[in-house]
Amino acid sequence: MTLTQTTTADFHSVIAYPLHGNCYLNITSECTLRCGFCPKYKRSWEIQSYDLRLHREPTVDEVLAALGDPTRYQEVVFCGLGEPTVRYPEVLAIARAIKQAGGRVRLNTDGLASLREGRDVSAELAEVIDRASISMNAHNEAVYIRHTRPRLEGAYAAMLDFASRAQQAGIDVTLTAIDGLEGVDVAACERIATEMGLKFRRRVLDQVG
Ligand code: SF4
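1. Description of the pairing of strand β9 (residues 199–203)
(1) Moving on: Pairing analysis gives five bridges linking strand β8 (residues 172–178) to β9, with the strands arranged parallel. Looking at the pairing, A177 lines up with R202 of β9.
(2) Moving on: Following the chain from β8 across helix α7 (residues 186–195) to the adjacent parallel β9, one finds a crossover that is right-handed.

Here's what the structure looks like:
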């Protein structure tokens, strides 16, 4: 990648940024969730010195141009201050192009793509996604709702169901929860992940990974 920013007159946002040997793609600011801990609700769009505010959503071609050769990175990761799969067709198109170019793809997601699309999309995603980090966020539905304020009914169960199906479809799934959020029992989150046969990772607030 030579550029991390598009430079057209109306669009100067970071849509591809290198970090930890990976390249992260920032394709939308829209979310299914409205997490109380989200930096954007504190009007802070800067993550590890990258300004992730988008003035418009980049096209598939713009994202691929900003990325360049995906094989220069360990992984290309969909991860911004928005949920990538709200642009589901674009995620598939970008990921497919990366795979065809020999890259590896990780999806950092709320795990609600199937709920939002109204059908099970895990097998379709497994064709183009190698790994997924899914924000579990809490050890039960009540705490999950308190922190993430989902726009859709049944989000917690749908997220866990998606995680399980995605793993069965061949995606290497890791559930994540953030250390230090009030009422979140991270050890209990890890137990649930383990019982489901999934990996688990503690996250640090506001740190991209
Ligand atoms: S899913 Fe991520 S980007 Fe969306 S509101 Fe929650 S923390 Fe913010």
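Picking up where we left off.
2. Brief notes about unusual backbone geometry
(1) Moving on: Not every positive phi belongs to a glycine, and N137 is a case in point at roughly 70°.
(2) Moving on: Among the secondary structure elements, N137 is positioned in the loop between β7 (131–135) and α5 (141–148).
(3) Moving on: Of note in the backbone geometry, R149 takes a positive phi value of approximately 45° without being a glycine.
(4) Moving on: Within the fold, R149 resides in the loop between α5 and α6 (155–169).
(5) Moving on: R149 sits in the partly exposed class, given a relative accessible area of 39%.

3. Focus on the sheet that holds strand β5 (residues 76–78)
(1) Moving on: Reading across the sheet, the seven strands line up as β1-β2-β5-β6-β7-β8-β9 and stay open at both edges, with mixed pairing between neighbours. Strands at the two margins of the open sheet, each flanked by one partner only, are β1 (16–19) and β9. Put simply, the sheet's adjacent strands are angled 25° from each other on average, direction ignored.
(2) Moving on: Pairing analysis gives four bridges linking strand β6 (residues 105–109) to β7, with the strands arranged parallel. If you follow R106 over to β7, its bridge partner there is R131.
(3) Moving on: Across the face of the sheet, α6 comes into contact with β7 and β8 while running at roughly 150° to β8.

4. A few points about empty space enclosed by the protein
Left-over empty space is what a probe sized like a water molecule reveals as it rolls over the atoms.
(1) Moving on: Per the counting criterion, the structure on display carries two cavities of 30 Å³ or more.
(2) Moving on: There is about 30 Å³ of room inside the second largest cavity.
(3) Moving on: In terms of lining, the second largest cavity is formed by L25, N26, I27, T28, F78, C79, G80, G82 and P84.

5. Description of the site of the ligand
(1) Moving on: Around the ligand, the neighbouring residues are C31, L33, C35, F37, C38, Y41, L81 and G82.
(2) Moving on: Looking at the shell around the ligand, its residues break down into seven nonpolar, one polar and no charged.

6. As for the side chain of R106
(1) Moving on: Relative to the helices and strands, R106 resides in strand β6.
(2) Moving on: Here R106 falls in the buried class, since its relative accessible area comes to 5%.
(3) Moving on: A distance of 2.9 Å separates the side chain of R106 from the side chain of E75, its partner in a polar contact.

7. Quick look at the pattern of salt bridges
(1) Moving on: Considering all chains together, one arrives at 13 salt bridges under this definition.
(2) Moving on: The salt bridge partner of D161 is R165, with a shortest N-O separation of 2.8 Å. In this pair, D161 and R165 both sit in helix α6, four residues apart, roughly one turn of the helix.
(3) Moving on: Looking at R165, the relative accessible area reads 36%, which means it is partly exposed.
(4) Moving on: Overlapping salt bridges, with partners in common, bring together E57, R87 and E90 in one network.

8. Quick look at α7
(1) Moving on: Buried within α7 are the following residues: V186, A188, C189 and A193. End-on, the buried residues of α7 take up no more than an arc of 160°, which puts them together on one face. Among the exposed residues of α7, those oriented more than 90 degrees off its buried face are T194 and E195.
(2) Moving on: Looking at the buried positions of α7, the neighbouring elements they touch are β8 and β9.
(3) Moving on: Among the residues of α7, the N-terminal cap falls to D185, whose side-chain oxygen and the backbone nitrogen of A187 are separated by 3.2 Å.

Rules of the game
Residues numbered from 1 in each chain as written. Predicted model: local features only at pLDDT ≥ 70, side-chain atom pairs only at ≥ 80, totals over all residues. Heavy atoms only, no water. Pairing = 2+ DSSP bridges. Helix = DSSP H or I, 4+ residues; strand = E, 2+ residues; numbered from the N terminus. Right-handed = clockwise from strand over helix to strand, strands pointing away. Buried < 20%, exposed > 50% of the residue type's maximum accessible area, 1.4 Å probe, protein only. Axes fitted to C-alpha atoms, helices over the stretch in contact; angles between N-to-C directions. Contact = heavy atoms within 4.5 Å. 1 Å grid on protein atoms, 1.4 Å probe; cavity = no way out; pocket = protein on both sides within 12 Å on 5 of 7 lines; lining within 4 Å. Points joined across faces, edges and corners; volume = space filled by probe spheres on them. Near = heavy atom within 4 Å. Nonpolar A, V, L, I, M, F, W, Y, C, P; charged D, E, K, R; others polar. Polar contact = N/O pair within 3.5 Å; in protein donor to acceptor, adjacent residues only side chain to side chain. Salt bridge = Lys/Arg side-chain N within 4 Å of Asp/Glu carboxyl O. Arc of directions from axis to C-beta.

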